[in-house]
Structures are given as C-alpha cells and as structure tokens.
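Listed here are the chains, written in short residue letters.
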Amino acid sequence: MKTSIQPFEMKNLPLIVDVVEPLWCPPVGDKDFKRFNVEYIVRNNIFENDYHFQLVYENSDNEILSAAFFARKNDISTAEEWFSRESIRFPENLKIASQMSKTYLNKMDELTHSLMNDDDIMLSLFVSRKPGAGSIIFEQTCQQMKNEGWKNLYLYTDCDCNWKWYTKHNFTLVQENIYEPFSSENEDYKTYIFRKEL
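Residues numbered from 1 in each chain as written. Predicted model: local features only at pLDDT ≥ 70, side-chain atom pairs only at ≥ 80, totals over all residues. Heavy atoms only, no water.

## Details of the overall build of the protein
Part 1 of the reasoning: Assigned secondary structure in the protein consists of six helices and seven strands.
Part 2 of the reasoning: The order of helices and strands in the protein, counted from the N terminus, is β-α-α-β-β-α-α-β-α-β-α-β-β.
Part 3 of the reasoning: Overall, the protein is about 45 × 40 × 30 Å in size when its C-alpha atoms are taken along their principal axes.
Part 4 of the reasoning: Put simply, the protein has 198 residues, and 46% of those count as buried.
Part 5 of the reasoning: Surface summary for the protein: the accessible area is close to 10,700 Å², and the carbon and sulfur share equals 47%.
Part 6 of the reasoning: Each charge class in the protein can be summarised by its mean position, and for the 22 positive and 31 negative side chains these summaries are 3 Å apart. (Helix = DSSP H or I, 4+ residues; strand = E, 2+ residues; numbered from the N terminus. Buried < 20%, exposed > 50% of the residue type's maximum accessible area, 1.4 Å probe, protein only. Areas by Shrake-Rupley, 256 points an atom, 1.4 Å probe, with all protein chains shown as cover. Lys, Arg positive; Asp, Glu negative; His and termini not counted. Charge placed at Lys NZ, Arg CZ, Asp CG, Glu CD.)

## Comments concerning the packing of helix 1 (residues 13-24) against helix 2 (residues 31-44)
Part 1 of the reasoning: The interhelical angle for the contact between helix 1 and helix 2, taken along N-to-C directions, is 110°, at an axis separation of 9 Å. The pairing of helix 1 with helix 2 is recorded here as roughly perpendicular in orientation. Between helix 1, through Leu13, Pro14, Ile16, Val17, Asp18, Val20, Glu21 and Trp24, and helix 2, the contact on the second element is made entirely by Lys31, Arg35, Val38, Glu39, Ile41, Val42 and Arg43.
Part 2 of the reasoning: When the residues that make up the contact of helix 1 with helix 2 are grouped by side-chain class, the tally is nine nonpolar, no polar and six charged. (Axes fitted to C-alpha atoms, helices over the stretch in contact; angles between N-to-C directions. Parallel < 35°, antiparallel > 145°, perpendicular 65-115°, else oblique. Contact = heavy atoms within 4.5 Å. Nonpolar A, V, L, I, M, F, W, Y, C, P; charged D, E, K, R; others polar.)

## Concerning the sheet that holds strand 3 (residues 64-71)
Part 1 of the reasoning: Ordered by their spatial adjacency, seven strands build an open sheet running 1-2-3-4-5-7-6, and the pairing between neighbours is mixed. One side of each edge strand has no neighbouring strand; the edge strands of this open sheet are strand 1 (3-7) and strand 6 (172-178). When the angles between neighbouring strand axes are averaged without regard to direction, this sheet yields 25°.
Part 2 of the reasoning: Bridge count for strand 5 (residues 152-158) against strand 7 (residues 190-197) is seven bridges, and the pairing is antiparallel. Pairing of Leu153 across the sheet is with Lys196, part of strand 7. (Pairing = 2+ DSSP bridges.)

## Considering the pairing of strand 7
Part 1 of the reasoning: Looking at chain direction, strand 6 and strand 7 are connected through six bridges and run antiparallel. In the sheet register, Glu176 faces strand 7, and the bridge partner there is Tyr192.

## Side note on a negative patch on the surface
Part 1 of the reasoning: Where like charges cluster on the molecular surface, the negative patch consists of Asp160, Glu180, Glu187 and Asp188.
Part 2 of the reasoning: Among the secondary structure elements, Asp188 is positioned in the loop between strand 6 and strand 7.
Part 3 of the reasoning: On the basis of relative accessible area, Asp188 is assigned to the partly exposed category, the value being 40%. (Patch = residues over 30% accessible without salt bridge, like charges linked within 9 Å, V, L, I, M, F, W, Y side chains within 5 Å. Salt bridge = Lys/Arg side-chain N within 4 Å of Asp/Glu carboxyl O.)

## Examining the nonpolar core
Part 1 of the reasoning: Counting residues in hydrophobic clusters, the biggest one holds 22 residues, and the most contacted among them are Phe70, Ile121, Met145 and Leu153.
Part 2 of the reasoning: Those elements that provide at least two residues to this core are strand 2 (52-57), strand 3, strand 4 (121-128), helix 5 (133-147), strand 5, helix 6 (164-167) and strand 7.
Part 3 of the reasoning: Counting residues per element, this core draws most heavily on helix 5, which supplies five residues.
Part 4 of the reasoning: Excluding anything up to four places from it in sequence, Ile121 contacts Tyr51, Phe70, Ala71, Arg72, Met116, Met145, Trp150, Asn152, Leu153, Tyr154 and Leu198. (Core = buried A, V, L, I, M, F, W, Y, C linked by side-chain atoms within 4.5 Å.)

## Points about helix 2
Quick reminder: α-helices carry 3.6 residues per turn. Residues three or four places apart thus point the same way.
Part 1 of the reasoning: Look at helix 2: 20 Å from first C-alpha to last across 14 residues, which is about the 20 Å you get at 1.5 Å a residue.
Part 2 of the reasoning: At its buried positions, helix 2 is contacted by helix 1, helix 3 (79-86), helix 4 (92-115) and strand 4.
Part 3 of the reasoning: Two to three positions downstream of the cap, the backbone nitrogen of Asp32 sits 3.2 Å from a side-chain oxygen, assigning the N-cap of helix 2 to Asp30. (Expected span 1.5 Å × (residues − 1). Polar contact = N/O pair within 3.5 Å; in protein donor to acceptor, adjacent residues only side chain to side chain.)

## Examining the environment of Asp120
Part 1 of the reasoning: With respect to the helices and strands, Asp120 occurs in the loop between helix 4 and strand 4.
Part 2 of the reasoning: For the pair Asp120 and Pro7, spaced 113 residues apart in the sequence, the C-alpha separation amounts to 21 Å.
Part 3 of the reasoning: Discounting chain neighbours no more than four positions away, the residues touching Asp120 are Trp150, Lys151, Asn152 and Tyr154.
Part 4 of the reasoning: Of note is the side chain of Asp120, whose polar atom sits 2.8 Å from the backbone nitrogen of Asn117.
Part 5 of the reasoning: Within the structure, Asp120 has its side chain in polar contact with the side chain of Asn152 (distance 3.0 Å).

## As for the pattern of salt bridges
Part 1 of the reasoning: Inspection of every chain in the model, using the stated rule, returns 12 salt bridges.
Part 2 of the reasoning: Here Arg35 ties to Glu21 by a salt bridge, and the two come within 2.7 Å at their closest N and O atoms. Here Arg35 is found in helix 2, whereas its partner Glu21 is found in helix 1, with 14 residues between them in sequence.
Part 3 of the reasoning: A salt bridge links Glu176 to Lys190; the shortest N-O distance between them is 3.6 Å. Linking Glu176 in strand 6 with Lys190 in strand 7, this pair joins segments that are 14 residues apart in sequence.
Part 4 of the reasoning: The exposure class assigned to Glu176 is partly exposed, which follows from its relative accessible area of 41%.
Part 5 of the reasoning: The network of salt bridges with common partners includes Asp18, Glu21 and Arg35.

See the structure below:
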C-alpha cells in the first residue's frame, strides 16, 4: 500500500499519545491525569513552525503510521496555553508532576539549543505506530531538511528510551549528562544529546 508524508493534523494527536502513554506515565494520579500529563509532554515537543509531519497510508482513511516534529533554534511551543485551559480540572498537588515534566523538557531544549547553530535543526519528537514506519518518516523528513539547507540534525533522549538506536544510525553523541531530579540513590538518570550531519 502506498504511503505519503503530509503535514501533521492535530486531530491525530490522541493517536500519538496512545503510543507514548505507557512509556511516559507519571507515577501519580488517576488514568485521566496520567493521559493528560503525557499529552502535555507531547505538546511540549510540538513547536510553532511548519515542521510537523505524518506518514499515512494513502487510502480512504489516510491512516497515520508515524509522526515527526522538528524545531529551529528559537521556535516556541504553545503547550502552556493548552495546559492553562485543560489543567483546571486537576488538583494542584498533581500538577507538580506536570511541572517536573516541563522543567525537564525546558532544560533539555536549552542544552540542545546551546549546541546548535542557526542553520541546524532539532528533531523534537518522532513516534511510530507501525513497525518500520518510524524509519521511513525519519529518513524522508531528514532528506527534506537537508534539501532545505539545514546542516545538522540534533536531538536529545534519555536512558528511558532506546538511545543506542542513534549510535547505530550515524549519530554522534555530543553530550551526556545526569539529570539529578530524576536520579535515585541506586541509579543515575542519564540524558544524551546527539548530532547527525544532514
């Protein structure tokens, strides 16, 4: 079946949340809050630009297979506007988990941006709903970024993710850190920033 890359449609955001929810659920709150917090994390990785993509089957439903989101050095996210509207149904003590997520994302964005030049771009999030679809959207959108003149692709990840995938796909590890707020006495929470020449 034929696939194509299209601009990401926000109506498909719940499908992206479905994929990452088991991985990113906070340890507090009920099912509704956990999903809310994961959606907040996803929205923090979607920036105000035109670099949002989805890979779809070209059929009557345009079934989404994967998505990829990129950010330039000075792009901003409007997740806080959404959070202000949607968080009012939750008690303040639960919102602490959301603030922890936001602090972490901001810190990693800042670290990554500090390494970037103005002609570099960051992959803020890519998610696959079908085996192999993540690689397809990754390769095709990276080619588009190269064609547009972007020089290097940056991204950050952490020890909760399959960070070794990047070392096997021609990325260079440019920074490794320990994020103390998520670390425990027994284990450091490691973060990684990678770069790939486009």
